Amino acid sequence: MPQDQPLSAVSPVLHELRAGTHTRHVALEKRLPFFSDTLDLECYKRLMSAYYGFYHELENRLQHSPWMTHGFDLHARFKTPALRQDLQALGVRIQSLALCAALPVLHSPASVLGVLYVLEGATLGGNVLRKQISERLGLDAHNGCAFLYVYGADTGRQWKAFMDFLGSAPLDAQARGEAVQAACSTFSCFEQWLERQEVLL
Ligand code: HEM
């Protein structure tokens, strides 16, 4: 996770989110099978099906949360449509997929921001993952690998816009703590869900 901006350009909340979730990111990255010798099409289908069960439920929760923050176009950033498109292209029956019930609790605007940080940040590794899946499985955005590179060439711009949005939120130390706690909970809920779906290494 390169973090090459000068510290002055990093808002306090982003700095705390990075520091607070770094270990969890490294741990989850190691357990995901994208670079494993055992990765095949069946394994990828099961992995994306598990992603769907989490993203679908979490985006739904965000959409209906009274704490959903103004000035953020959640719909434009939904990733579930790309996952649905991939699963359909891969011939997976979406209606029968398991859905995750144990999600991070949204109890304040800051907790929503913490969850959004994880979902938006997760797009950053997408280009590496997309190349890997293209080389290993021959998939691209049209036949099963749209989600991993969901913003395409706009990834950097979308992330910059999100960082600006995050940095403009008026968060005191307590609210920043809530954001970090929600981000950590998002990582652990996701990891536990993937573990239960038996898709981790
Ligand atoms: C094998 C899988 C993964 C790889 C290889 C990976 C790789 C990366 C890379 C290279 C970056 C930094 C990009 C940059 O600074 O330009 C990044 C950032 C990030 N990733 Fe991942 N990632 C993976 C999985 C995930 C998952 C599953 C999540 C969460 C659901 C996640 C959440 C984040 C977040 C929140 C950041 C932003 C860190 C920051 O700059 O503040 N990543 N990832």
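Residues numbered from 1 in each chain as written. Predicted model: local features only at pLDDT ≥ 70, side-chain atom pairs only at ≥ 80, totals over all residues. Heavy atoms only, no water.

The name given to the protein chain in an unreviewed UniProt entry is Biliverdin-producing heme oxygenase, and the organism recorded there is Pseudomonas fragi.

**Some words on the nonpolar core**
Counting 67 residues, the largest nonpolar core has Met 48, Tyr 51 and Leu 194 as its most contacted members. The set of elements that each furnish at least two residues to this core consists of helix 1 (12–31), helix 2 (41–63), helix 3 (80–89), helix 4 (109–121), helix 5 (126–137), helix 6 (155–168) and helix 7 (173–196). Those residues within four positions of Tyr 51 in sequence are excluded, and the remaining contacts are Leu 32, Phe 34, Leu 83, Phe 147, Phe 190 and Leu 194. (Core = buried A, V, L, I, M, F, W, Y, C linked by side-chain atoms within 4.5 Å. Buried < 20%, exposed > 50% of the residue type's maximum accessible area, 1.4 Å probe, protein only. Helix = DSSP H or I, 4+ residues; strand = E, 2+ residues; numbered from the N terminus. Contact = heavy atoms within 4.5 Å.)

**Quick word on empty space enclosed by the protein**
By the definition in use, this model includes one cavity of 30 Å³ or more. Glu 59, Leu 74, Arg 77, Phe 78, Lys 79, Leu 116, Leu 119 and Glu 120 are the residues that line the largest cavity. Top element by residues in the lining of the largest cavity is helix 4. It accounts for three residues. Counted by class, the lining of the largest cavity contains four nonpolar, no polar and four charged residues. (1 Å grid on protein atoms, 1.4 Å probe; cavity = no way out; pocket = protein on both sides within 12 Å on 5 of 7 lines; lining within 4 Å. Points joined across faces, edges and corners; volume = space filled by probe spheres on them. Nonpolar A, V, L, I, M, F, W, Y, C, P; charged D, E, K, R; others polar.)

**So, the packing of aromatic side chains**
All chains considered together, the criterion is met by 13 aromatic pairs. For the ring pair Tyr 51 and Tyr 55, a centre distance of 5.9 Å and an interplane angle of 10° mean the geometry is stacked. Remark: Tyr 55 and Tyr 51 occur in helix 2; sequence separation between them is four residues, near one turn of the helix. Here Tyr 51 falls in the buried class, since its relative accessible area comes to 7%. Between Tyr 55 and Phe 190, the ring centres sit 6.1 Å apart and the planes meet at 80°, which makes this aromatic pair edge-to-face. (Phe/Tyr/Trp six-rings, centres within 6.5 Å; stacked < 30°, edge-to-face > 60°.)

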